[in-house]
Amino acid sequence: MSSDDAQEMVERISWFSPVDYEILLFFEKHDIGVSPKIMAYNIEYDRQYVYRRLKVLNDADLLINDDGVYRLSDFGRKFLAGNVDEDELPEP
């Protein structure tokens, strides 16, 4: 996903915040599990804010939280591939 793709998501998903796109872009490039602290460090956002947004993306089934380590869910992968319509995306 390019930054243009992220911008398209910004316009498409009303409840997304700018950091949500950075989080999803990170997971698309790095298919690993990370803590909120590591995510915040890598995308250069405030850790507390990243933590709150990770929880929101988890509530929307885009991420999986495994004891404080977040990773992309299968649904999140489908979303990044463009295979999820906005109405299929649960609003947290």
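Residues numbered from 1 in each chain as written. Predicted model: local features only at pLDDT ≥ 70, side-chain atom pairs only at ≥ 80, totals over all residues. Heavy atoms only, no water.

A. Broad picture of helix α4 (residues 47-59). The end-to-end C-alpha separation of α4 is 18 Å, in line with the 18 Å expected for 13 residues at 1.5 Å each. Along α4, the positions that sit buried rather than exposed are Val50, Arg53, Leu54, Val56 and Leu57. The buried residues of α4 all sit within an arc of 160 degrees when viewed along its axis, so they share a single face. Those residues of α4 that are buried are in contact with α2 (18-29), α3 (36-43), β1 (63-66) and β2 (69-72). Regarding α4, its N-cap is aspartate 46, as a side-chain oxygen of that residue lies 3.2 Å from the backbone nitrogen of glutamine 48 further along. Aspartate 61 occupies a position one or two residues after α4 and carries a positive phi of about 70 degrees. (Helix = DSSP H or I, 4+ residues; strand = E, 2+ residues; numbered from the N terminus. Expected span 1.5 Å × (residues − 1). Buried < 20%, exposed > 50% of the residue type's maximum accessible area, 1.4 Å probe, protein only. Arc of directions from axis to C-beta. Contact = heavy atoms within 4.5 Å. Polar contact = N/O pair within 3.5 Å; in protein donor to acceptor, adjacent residues only side chain to side chain.)

B. Just the pattern of salt bridges, in detail. Applying the stated criterion across every chain yields a total of three salt bridges. The salt bridge partner of aspartate 31 is arginine 77, with a shortest N-O separation of 2.7 Å. Separated by 46 residues along the polypeptide, aspartate 31 in the loop between α2 and α3 and arginine 77 in helix α5 (residues 74-80) bring together distant segments of the chain. Overall, arginine 77 belongs to the partly exposed group, its relative accessible area being 34%. Aspartate 74 is the partner of arginine 77 in a salt bridge, and the nearest nitrogen-oxygen pair spans 3.6 Å. Taken together, the residues arginine 77 and aspartate 74, both in helix α5 and three residues apart, mark about one turn of the helix. Of the residues examined, aspartate 74 reaches a relative accessible area of 60% and is grouped as exposed. Residues joined in a network through salt bridges with shared partners are Asp31, Asp74 and Arg77. (Salt bridge = Lys/Arg side-chain N within 4 Å of Asp/Glu carboxyl O.)

C. Local environment of the packing of α2 against α4. For the pair α2 and α4, interaxial distance at closest approach is 10 Å and the crossing angle is 75 degrees. Considering the angle they form, α2 stands roughly perpendicular to α4. Contact residues: α2 offers Val19, Asp20, Ile23 and Phe27, while α4 offers Tyr49, Val50, Arg53, Leu54 and Leu57. Residue composition of the contact of α2 with α4, grouped by class: seven nonpolar, no polar and two charged. (Axes fitted to C-alpha atoms, helices over the stretch in contact; angles between N-to-C directions. Parallel < 35°, antiparallel > 145°, perpendicular 65-115°, else oblique. Nonpolar A, V, L, I, M, F, W, Y, C, P; charged D, E, K, R; others polar.)

D. Region of interest: the pairing of β2. With burial as the criterion, only one face of β2 is covered, namely that bearing Tyr70 and Leu72; the residues Val69 and Arg71 on the opposite face remain uncovered. Where β1 and β2 come together, four bridges link them in antiparallel fashion. What sits directly across from isoleucine 64, in β2, is arginine 71. What sits between β1 and β2 in their antiparallel hairpin is a turn of two residues, with aspartate 67 showing a positive phi close to 55 degrees. (Pairing = 2+ DSSP bridges.)

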